[in-house]
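# Descriptive analysis of the structure
The lines below spell out each chain.
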Amino acid sequence: MSTRTASFSPTPSRATDTLAAVRALAFAALLLASLRVVVIAGHAPPPDMAWIPGGEYTMGSDATYAREDERPAHRVRVSGFWMDRAPVTNSRFAAFVAATGYVTTAERAPQWSSIQRLLPPGTPPPAPGLLVPGGLVFTGTEAPVPLADETRWWRYVPGADWRHPGGPDTGIAGRDDDPVVQVSYDDARAYARWAGKRLPSEAEWEYAARGGIEHATYAWGSQFAPNGMRMAHTWDDDAVPFPVVRGGQPRPRVQAVCSYPRNGYGLCDMAGNAWQWVTDWFRADAYARAVHGDEPTGPPDVAPRRVIRGGSFLCSREYCASFRVSARQAADPDSPANHIGFRLVRD
């Protein structure tokens, strides 16, 4: 009679239970990762917002086309946050005004103190009758001009405000889905408080704009018009040179949000259409200073201008090309204009 040597092995039921448990854990992890928009920090997903997972990326650019204020490229880490899928629209801003009675900066007479800090010392104040409610409006030029002097194509227009972006003879009827413009930095913050959100930092904005694509030039990749397809509402250089507005032609303006493809995070209008306010004060040398590391917030409260991001319908490939994800620009926080809007985030 032969004998058998016994060897230990888990019972079928134990092996099955172990495998099932491993599979269940793996499935649960995958489910939580893929459905992070369902429950984040105990909250249901906010409507019309996209979850931007935290991570590290290269902010700024050292490319030949990058301006000095975009240099040097540096590594930055941000925590996850929610971001509006689109800029705040006229209809949403109208709901805010109806609920609160808020009066925007452009609807109030400007204060000399807010203007004076942007001018050379000793500049005399204007006559009181000139300090009337209004905003900056792009007027264009009749023919090509040197591009060093922006006053050639910008005017302060009395009566321009969020309801009349181009001046008192313009309006927003039928344009509920256009991004609201002619809003100052304070206007954007007031809306954010009402909505229970906040403005993004510059680092958060650029991280979201890249849509998960490292070292991209644009929010959609490396080509401005892949396969000849326009990807954002920017100046049409093929039709007319910037800033020319032909006689009889309507002045360019913003379009309805999400008229162009979304980026990798599901965000639209992260390039072109309307500039967007961020919280950082602007310094041209901000990146050369101590801004590296986790959650940078830009320079301290010492600069007279805030950063705006994303470019607008006025950005030309031949002029500013500020629809690039690394491009940044300074704007007076108290000066509304018909190419500046905003979008919000929340934690």
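All residue numbers refer to position in the chain's written sequence, counted from 1. Totals for whole chains, interfaces and linings use every residue, but because this is a predicted model, local features are given only for residues with pLDDT of at least 70 and side-chain atom pairs only at 80 or more, for both listing and counting. The basis for every side-chain value is the complete set of non-hydrogen atoms in the structure, without hydrogens or water.

Any residue range with low pLDDT should be treated as having predicted coordinates unsuitable for detailed reading. Per residue, pLDDT captures the predictor's confidence, and it can take any value from 0 to 100. Mean pLDDT over the protein: 87, with 83% of residues reaching 70 or higher. Contact definition: two residues touch when any of their heavy atoms are within 4.5 Å. Residue range residues 1-41 is modelled with pLDDT below 50. Its contacts to residues more than four positions away, or to other chains, number eleven contacts.

With six of seven residues buried, strand β7 (residues 275-281) lies mostly within the body of the structure. By the bridge criterion, two bridges tie β7 to strand β11 (residues 340-341) in an arrangement that is parallel. Bridge pairing in β11 places Trp275 opposite Ile340. Only protein chains enter the accessibility calculation, which uses a 1.4 Å probe. A residue is then buried if its area is under 20% of the maximum for its type, exposed if over 50%, and partly exposed in between. Only DSSP runs of H or I with at least four residues qualify as helices, and only runs of E with at least two residues qualify as strands; both kinds are numbered from the N terminus onward. For two strands to be treated as a pair, DSSP must find at least two bridges joining them.

A few words now on the sheet that holds strand β4 (residues 81-84). In space, the three strands of this open sheet follow the order β1-β4-β12, with antiparallel pairing throughout. Looking at strand neighbours, the two that pair on one side only are β1 (49-52) and β12 (345-346), the edges of this open sheet. Alignment of β4 against β12, held across two bridges, turns out to be antiparallel. Residue pairing for β12: Trp82 is matched across the bridge by Arg346. Angles run from 0 to 180 degrees between N-to-C directions of axes, and those axes are lines fitted to C-alpha atoms, restricted for helices to the stretch in contact. Where helix α5 (residues 202-209) meets the sheet, its contacts fall on β1, β4 and β12, and the angle it forms with β4 comes to roughly 75°.

On to unusual backbone geometry, then. Trans peptide bonds make up most of the peptide bonds, and negative phi angles are found at most residues other than glycine. Omega for the peptide link from Arg71 to Pro72 comes to -5°, which places this bond in the cis form. Looking at where Pro72 falls in the secondary structure, it is placed in the loop between β2 (55-59) and β3 (74-78). With a phi angle near 65°, His215 is a residue other than glycine that sits in the positive phi range. Mapping His215 onto the fold places it in the loop between α5 and β7. His215 gets classed as exposed once you look at its relative accessible area, which sits at 58%. For Ala321, which is not glycine, the phi dihedral falls at a positive 50°. Tracing the sequence through the fold places Ala321 in the loop between β9 (306-309) and β10 (328-331). Under the relative-accessibility criterion, Ala321 is labelled buried at 16%.

Okay, the sheet that holds β7 next. Across the sheet, which stays open at both edges, the four strands sit in the order β10-β9-β7-β11 with mixed pairing between neighbours. At either end of the open sheet lies a strand with only one pairing partner, and these are β10 and β11. Bridge count between β9 and β10: four bridges; the pairing is antiparallel. Counted as the bridge partner of Arg306 is Ala331 from β10.

Attention now moves to the nonpolar core. As a rule of thumb, soluble globular proteins bury nonpolar side chains together. Core analysis: the biggest nonpolar cluster contains 69 residues, and Met83, Phe93, Trp277 and Phe342 have the highest contact counts within it. Sequence-distant contacts of Phe93, that is, excluding residues within four places in its chain, are made with Val88, Thr104, Trp162, Val180, Val183, Asp187, Tyr191 and Phe342. Among buried residues, those of type Ala, Val, Leu, Ile, Met, Phe, Trp, Tyr and Cys that are joined through side-chain atoms within 4.5 Å constitute a nonpolar core.

On to the side chain of Arg210, then. Along the chain, Arg210 turns up in the loop between α5 and β7. A residue is classified by how much of its surface remains accessible, and Arg210, at 5% relative accessible area, is buried. Side-chain atoms alone can form a polar contact between residues adjacent in sequence; in general such a contact is a pair of N or O atoms within 3.5 Å, and within protein one must be able to donate a hydrogen while the other accepts it. A polar side-chain atom of Arg210 sits 2.8 Å from a polar atom in the side chain of Glu206. Residues within four places of Arg210 in sequence aside, it is in contact with Tyr57, Thr58, Gly60, His215, Ala216, Ala219, Asn263, Val325 and Ser326.

Here, two cysteine sulfur atoms that lie within 2.5 Å of each other are counted as a disulfide. All told, the structure shown has one disulfide when counted by the stated rule. With its sulfur 1.9 Å from that of its partner, Cys258 forms a disulfide with Cys268. Residue Cys258 is found in the loop between α5 and β7, and its partner Cys268 is found in the loop between α5 and β7; the two are separated by ten residues along the sequence. Overall, the relative accessible area of 0% leaves Cys268 in the buried class. With no disulfide partner, Cys315 has as its closest neighbouring cysteine sulfur the one in Cys320, 3.3 Å distant. Taking relative accessible area as the criterion, Cys320 reaches 16% and is therefore assigned buried.

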